[in-house]
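Summary of structural features
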Amino acid sequence: MPWLSFLIFFPLVAAALVAMMPRGAERSARLWATLAAAVEFAVSLPLWWRIVPGAPGFQFEEKVAWIPSIGASYHLGIDGVSGLLALLTTFMSLIAMVSAWTAVDKKPREFYAMLLALEAGMLGTFFCLDVLLFYVFWEAMLIPMYLLIGVWGGQRRIYAAVKFFLYTMAGSVLMLVAILSLWQVQKQFSGVPSFDLAAFYAMPMLPAQQFWYFVAFAFAFAIKVPMFPVHTWLPDAHVEAPTAGSVILAAVLLKMGTYGFLRFAMPLFPNALILCGPWIAWISIAGIIYGAVVAMVQPDMKKLVAYSSVSHMGFCMLGLMALNSEGF
């Protein structure tokens, strides 16, 4: 199996095997799930030295026809940005596994299966070079995170899980509409239907067209960052999630918003970016100040981490909106 596909599907297969273990095998489930996460991290380590920094295009590409009638393909690839984020994902997933050994007694087999499934979804999101496939992974990773919060969370876990799901779905629906509309525009431009990211990059668009597409993508990614004022799902999710889920949420899931801006919204709609960039920068500054001030008065450690995450992700967005090498 090709390398990137192995990194995606190995934790998914391990999740299924762990979930099917018999009752009473909780210790074995913990052991095998942690071993699977360790193997996944070990296999991902060559990303550190095999990726060629600054090389044009994407590396280690894999492409297979998926739905040929509409031009959707199973297309994976990485560059320096997605490679480092993939390493972060495999490392933090292993840390989360180990941290849950003595913390989770309720349905441990299912808990570890959800962590492994979440890891697969996050890696698929970082590797996808087909926009429709990206959307599938983007949505699929919500399911295990929703269950981690809703089943293994604190007293207000159902409220936090539903709020997390509704916020992220609200942005994702707009992004899906924009993706389907872009596909139609691309089809008219090239005569060949395709969801490939390179085809979307090559498609010329009038500045007036770009604005609403950018808003749709930016709204979905801003919720995931999360940017002020669409950040209110994060403190609830952080506080109610089990500690391992909070770790993954802060370390990896929030970075997917900025990754989405960098990979999709910014290069696809440069004219709209120039127009909206200053506004996003000011919103980022508001988030930096607001998140830091609110974090200062939090007695709860998880809430402190949540609001400080709003603040530091504001710095990430401000850096992107500077549109220069220092900012990036």
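As a reminder, the structure under discussion sits directly above these lines.
Everything numeric here is computed off the predicted structure, so don't read it as measured data.

Details of the environment of Ala 265
Following the sequence through the fold, Ala 265 ends up in helix H13 (residues 255-268). According to the relative accessible area criterion, Ala 265 is buried, its value standing at 0%. C-alpha of Ala 265 to C-alpha of Ala 216: the two residues are 49 residues apart in sequence and 9.0 Å apart in space. Those residues in contact with Ala 265 that lie beyond four places of it in its chain are Phe 214, Phe 217, Phe 221 and Gly 260.

What to know about helix H6 (residues 131-140)
Most of H6 is tucked away: eight of the ten residues are buried. Among all positions of H6, only Val 131, Leu 132, Leu 133, Phe 134, Tyr 135, Phe 137, Trp 138 and Glu 139 are buried. Capping the start of H6, Asp 130 holds a side-chain oxygen 3.1 Å from the backbone nitrogen of Leu 132, two or three residues further along.

Overview of the packing of helix H5 (residues 108-127) against helix H12 (residues 243-253)
Packing of H5 against H12 leaves a shortest axis separation of 12 Å and a crossing angle of 5 degrees. Taken together, the axes of H5 and H12 are roughly parallel relative to one another. Across from Phe 111, Leu 115, Leu 118, Met 122 and Phe 126 in H5, the residues of H12 making contact are Ala 244, Ile 248, Val 252 and Leu 253. In terms of residue class, the contact of H5 with H12 is built from nine nonpolar, no polar and no charged.

Concerning the packing of aromatic side chains
For the coordinates displayed, the defined rule picks out 22 aromatic pairs. Plain terms: the ring middles of Phe 134 and Phe 264 are 4.3 Å apart, the flat faces sit at 35 degrees to each other, and that makes the pair tilted. Of this pair, Phe 134 sits in helix H6 while Phe 264 sits in helix H13; the two residues are 130 residues apart in sequence, bridging distant segments of the chain. The exposure classification of Phe 134 matches that of Phe 264, with both residues buried. Relative to Phe 221, the ring of Trp 138 lies with its centre 5.4 Å away and its plane at 80 degrees, an arrangement referred to as edge-to-face. Of this pair, Trp 138 sits in helix H6 while Phe 221 sits in helix H10 (residues 207-224), and the two are 83 residues apart along the sequence. Comparing Trp 138 with Phe 221, the two get one shared label, buried. Three or more aromatic residues link up through ring pairs in this structure, and these residues are Phe 134, Trp 138, Tyr 213, Phe 217, Phe 221, Phe 261, Phe 264 and Phe 269. When the ring centre of Trp 138 is taken as origin, the NZ or CZ atom of Lys 224, which lies over that ring, is 5.0 Å away.

Thoughts on the pattern of salt bridges
One pass over the full model with this rule turns up five salt bridges. One salt bridge connects Lys 63 with Asp 196, and the closest N-O pair in it is separated by 3.4 Å. You can see Lys 63 sitting in strand S1 (residues 59-67) and its partner Asp 196 sitting in the loop between helix H8 (157-190) and helix H9 (197-201), a full 133 residues away along the chain. Asp 196 sits in the buried class, given a relative accessible area of 8%. One salt bridge connects Arg 156 with Asp 236, and the closest N-O pair in it is separated by 3.4 Å. Of the two residues, Arg 156 is situated in the loop between helix H7 (142-152) and H8 and Asp 236 in helix H11 (residues 233-240); the sequence distance between them amounts to 80 residues.

Calculation criteria
- Residues numbered from 1 in each chain as written.
- Predicted model: local features only at pLDDT ≥ 70, side-chain atom pairs only at ≥ 80, totals over all residues.
- Heavy atoms only, no water.
- Helix = DSSP H or I, 4+ residues; strand = E, 2+ residues; numbered from the N terminus.
- Buried < 20%, exposed > 50% of the residue type's maximum accessible area, 1.4 Å probe, protein only.
- Contact = heavy atoms within 4.5 Å.
- Polar contact = N/O pair within 3.5 Å; in protein donor to acceptor, adjacent residues only side chain to side chain.
- Axes fitted to C-alpha atoms, helices over the stretch in contact; angles between N-to-C directions.
- Parallel < 35°, antiparallel > 145°, perpendicular 65-115°, else oblique.
- Nonpolar A, V, L, I, M, F, W, Y, C, P; charged D, E, K, R; others polar.
- Phe/Tyr/Trp six-rings, centres within 6.5 Å; stacked < 30°, edge-to-face > 60°.
- Lys NZ or Arg CZ within 6 Å of the ring centre and 35° of its normal.
- Salt bridge = Lys/Arg side-chain N within 4 Å of Asp/Glu carboxyl O.

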